[in-house]
Amino acid sequence: MKKSILLLALLSICINASATETKLMVRAKAKDAKFVGSSIGGAHIIIRNTLNGLILAEGETTGSTGNTDIIMRSPHERYTQLSDDKTAGFLAVVDIDEPTFVQIEVVSPINKKNAQIHASTQLWLIPGKDILGDGIVVEIPGFVIDILKPNTHQYIPLETVPDSGLVIEANIVMMCGCPIQKDGLWDSNLMEVKAIVKKDGAAFKEVTLDNPEQNTFKGNLEIEEVGYYQITVYAYNSKTGNTGVEKINYVIRE
């Protein structure tokens, strides 16, 4: 029995000794924006052997969203590197002894479940052949939308709704946390933001939301009846095809 255990231990040492350390940089980049980093909580990265499902590396992207001028304002030629040593990424170090076909899974942003995107790609890793620099960049489409007013399952007396209507307010940012405002780099003038409202399960009204200040979108909904209401706020940029959605439910009561 002891000989068998020793043999297995020696075999394991031999296998590990033949494996080669291989580095792989993975980054998550918001569609039409910058890299997903520490400021919004990062993206969760899983690198998995596609043959047997074994997780070879796992962790979060950390670091800054990157250099705005290089990423968003400068023309990009072939081989242009968008990242620097401070730009958010996850550096995976895996031990492999033969070319291995892997799947890279990205969940981003990890701390905003209502806006999370699950994206993936696949590639071959070759022992000792590092993939660094920008590395593998996985695009994360969408907007992070948080409906602030009314809040989830809020009970609102009908008599308290002002004549101007119930205020609908949402906070909206890019998937990297980058700000949205009129005439800004991420220009709200190019975005359609609306609230689709249902009452008791049926279509009720649509309200256009204006952008009075950075990341804040507001509108007013005229309400004259009690009922169960649902608000779906969406953001849409026709130039980029980027979209985002958030929903809440609330109650207007006597």
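Before any of the text, the structure's been laid out above.
Remember, predicted model here, so these are calculated numbers, not experimental data.

Participant: Looking at this structure, I do not really get the overall build of the chain. What am I missing?
Facilitator: Helix and strand counts for the chain stand at two helices and 16 strands. For the chain, the C-alpha atoms occupy an extent of roughly 85 × 55 × 25 Å along the three principal directions. Taking contacts inside the chain between residues at least 6 apart in sequence as the whole, the part at least 24 apart equals 69%. Per element, the accessible surface of the chain, about 14000 Å² overall, is 51% carbon and sulfur. Here the chain contributes 24 positively and 31 negatively charged side chains, and the mean placements of these two sets differ by 5 Å.

Participant: Please clarify how the pattern of salt bridges should be interpreted in this entry.
Facilitator: Any two side chains of opposite charge can pair if their charged atoms end up close together. Applying the stated criterion to the full structure yields nine salt bridges. A salt bridge links Asp210 to Lys182; the shortest N-O distance between them is 3.1 Å. Separated by 28 residues along the polypeptide, Asp210 in strand E13 (residues 210–213) and Lys182 in the loop between strand E10 (166–174) and strand E11 (191–199) bring together distant segments of the chain. Among the residues examined, Lys182 registers a relative accessible area of 39% and is labelled partly exposed. Each member of the salt-bridge network shares a partner with another, and the members are Lys199, Asp200 and Glu225.

Participant: Would you explain the side chain of Ser83 in this entry?
Facilitator: Checked against the element boundaries, Ser83 lands in the loop between helix H2 (68–73) and strand E4 (90–96). The buried category is assigned to Ser83, whose relative accessible area is 8%. Within the local environment of Ser83, its side chain forms a polar contact with the side chain of Arg27, the two groups lying 3.4 Å apart. Looking at Ser83, its side chain comes within polar contact range of the side chain of Asp134, at 2.5 Å.

Participant: Where do I start with the sheet that holds E4 in this structure?
Facilitator: Sheet strands line up and pair through hydrogen bonds in the backbone, either parallel or antiparallel. Taken in spatial order, the three strands make up an open sheet running E4-E1-E7, and their pairing is mixed. With one partner strand each, in any of the chains shown, E4 and strand E7 (131–140) form the two edges of the open sheet. Adjacent strand axes in the sheet meet at a mean angle of 35 degrees when their direction is disregarded. Here strand E1 (residues 20–30) runs beside E7; their pairing, made up of six bridges, is parallel.

Participant: Help me understand the environment of Ala57 in this model?
Facilitator: If you trace the backbone, Ala57 turns up in strand E3 (residues 55–60). Relative accessible area serves as the criterion here: at 12%, Ala57 is assigned to the buried category. The sequence separation of Ala57 and Ala33 amounts to 24 residues, and the corresponding C-alpha distance is 26 Å. Apart from residues lying up to four places away in sequence, Ala57 is in contact with Ile45, Ile46, Ile47, Phe90, Ala92 and Val94.

Participant: What is the right way to look at a nonpolar patch on the surface in this model?
Facilitator: Together, Leu91, Val93 and Leu132 line one region of the surface with nonpolar side chains, adding up to about 240 Å² of accessible area. Residue position: Leu132 is located in strand E7.

Participant: Would you mind showing me how to read the environment of Met175 here?
Facilitator: Take Met175: it is sitting in the loop between E10 and E11. Looking at Met175, the relative accessible area reads 1%, which means it is buried. C-alpha separation for the pair Met175 and Tyr229, spaced 54 residues apart in sequence, amounts to 28 Å. Excluding residues within four positions of it along the chain, Met175 makes contact with Ala30, Val36, Ile40, Ser108, Pro109, Ala115, Ile117, Ile140, Pro141, Gly142, Phe143 and Val144.

Participant: Got a minute to help me understand the nonpolar core in this structure?
Facilitator: When a protein is soluble and globular, its nonpolar side chains tend to lie buried together. One finds Ile47, Ile104, Ile172, Met174, Ile231, Val233 and Tyr250 to be the most contacted residues of the largest nonpolar core, which totals 58 residues. At six residues, the largest contribution of residues to this core is made by E10.

Participant: I keep staring at the pairing of strand E16 (residues 242–253) and nothing clicks. Help me out?
Facilitator: Pairing between strand E9 (residues 155–157) and E16: three bridges, direction parallel. Within the sheet, the bridge partner assigned to Tyr155 lies in E16 and is Val251. By the bridge criterion, eleven bridges tie strand E15 (residues 227–237) to E16 in an arrangement that is antiparallel. Bridge assignment links Tyr229 to a residue of E16, and that residue is Tyr250.

Participant: What exactly am I supposed to notice about the pairing of E11 here?
Facilitator: Along any regular strand, the residues point their side chains to alternate faces of the sheet. Taking every second residue as pointing to the same face, the buried face of E11 carries Met191, Val193, Ala195, Val197 and Lys199, while none of Glu192, Lys194, Ile196 and Lys198 on the other face is buried. Here E11 pairs with E15 via nine bridges, running antiparallel. Following the sheet pairing, Val197 is matched in E15 by Ile231. One ladder, built from six bridges, connects E11 with strand E12 (residues 202–208); its direction is antiparallel. Within the sheet, the bridge partner assigned to Lys194 lies in E12 and is Thr208.

Criteria and cut-off values
For every chain, the first residue of the written sequence is number 1, and numbering continues from 1 along that sequence. Totals for whole chains, interfaces and linings use every residue, but because this is a predicted model, local features are given only for residues with pLDDT of at least 70 and side-chain atom pairs only at 80 or more, for both listing and counting. Side-chain metrics rest on all non-hydrogen atoms present in the structure, leaving aside hydrogens and water. We count a stretch as a helix when DSSP gives it H or I for four or more residues in a row; a strand needs E for two or more, and each element gets its number in order from the N terminus. Throughout, a contact is declared for two residues whenever any of their heavy atoms are within 4.5 Å. For the accessible areas, the method is Shrake-Rupley and the probe is 1.4 Å, while residue cover comes only from the protein chains on display. By the counting scheme adopted, Arg and Lys are positive, Glu and Asp are negative, and His together with the chain ends is not counted. Taken as the charge location is NZ of Lys, CZ of Arg, CG of Asp or CD of Glu. Whenever a carboxyl oxygen of Asp or Glu lies within 4 Å of a side-chain nitrogen of Lys or Arg, that contact is scored as a salt bridge. Whether a residue is buried, partly exposed or exposed follows from its accessible area with a 1.4 Å probe, protein chains only, as a fraction of its type maximum: under 20%, in between, or over 50%, in that order. The term polar contact refers here to a pair of N or O atoms within 3.5 Å; inside protein, the definition further demands a hydrogen-donor-capable atom paired with an acceptor-capable atom, and it admits residues adjacent in sequence only when both atoms are side-chain atoms. Here, any two strands with at least 2 DSSP bridges between them count as paired. Between N-to-C directions, angles span 0 to 180 degrees; the directions come from axes that are lines fitted to C-alpha atoms, helices contributing only their stretch in contact. Nonpolar side chains (Val, Leu, Ile, Met, Phe, Trp, Tyr) within 5 Å and like charges within 9 Å form the patches, drawn only from residues with over 30% relative accessible area and no salt bridge. Only buried residues count toward a nonpolar core. Its members are Ala, Val, Leu, Ile, Met, Phe, Trp, Tyr and Cys residues joined through side-chain atoms within 4.5 Å.

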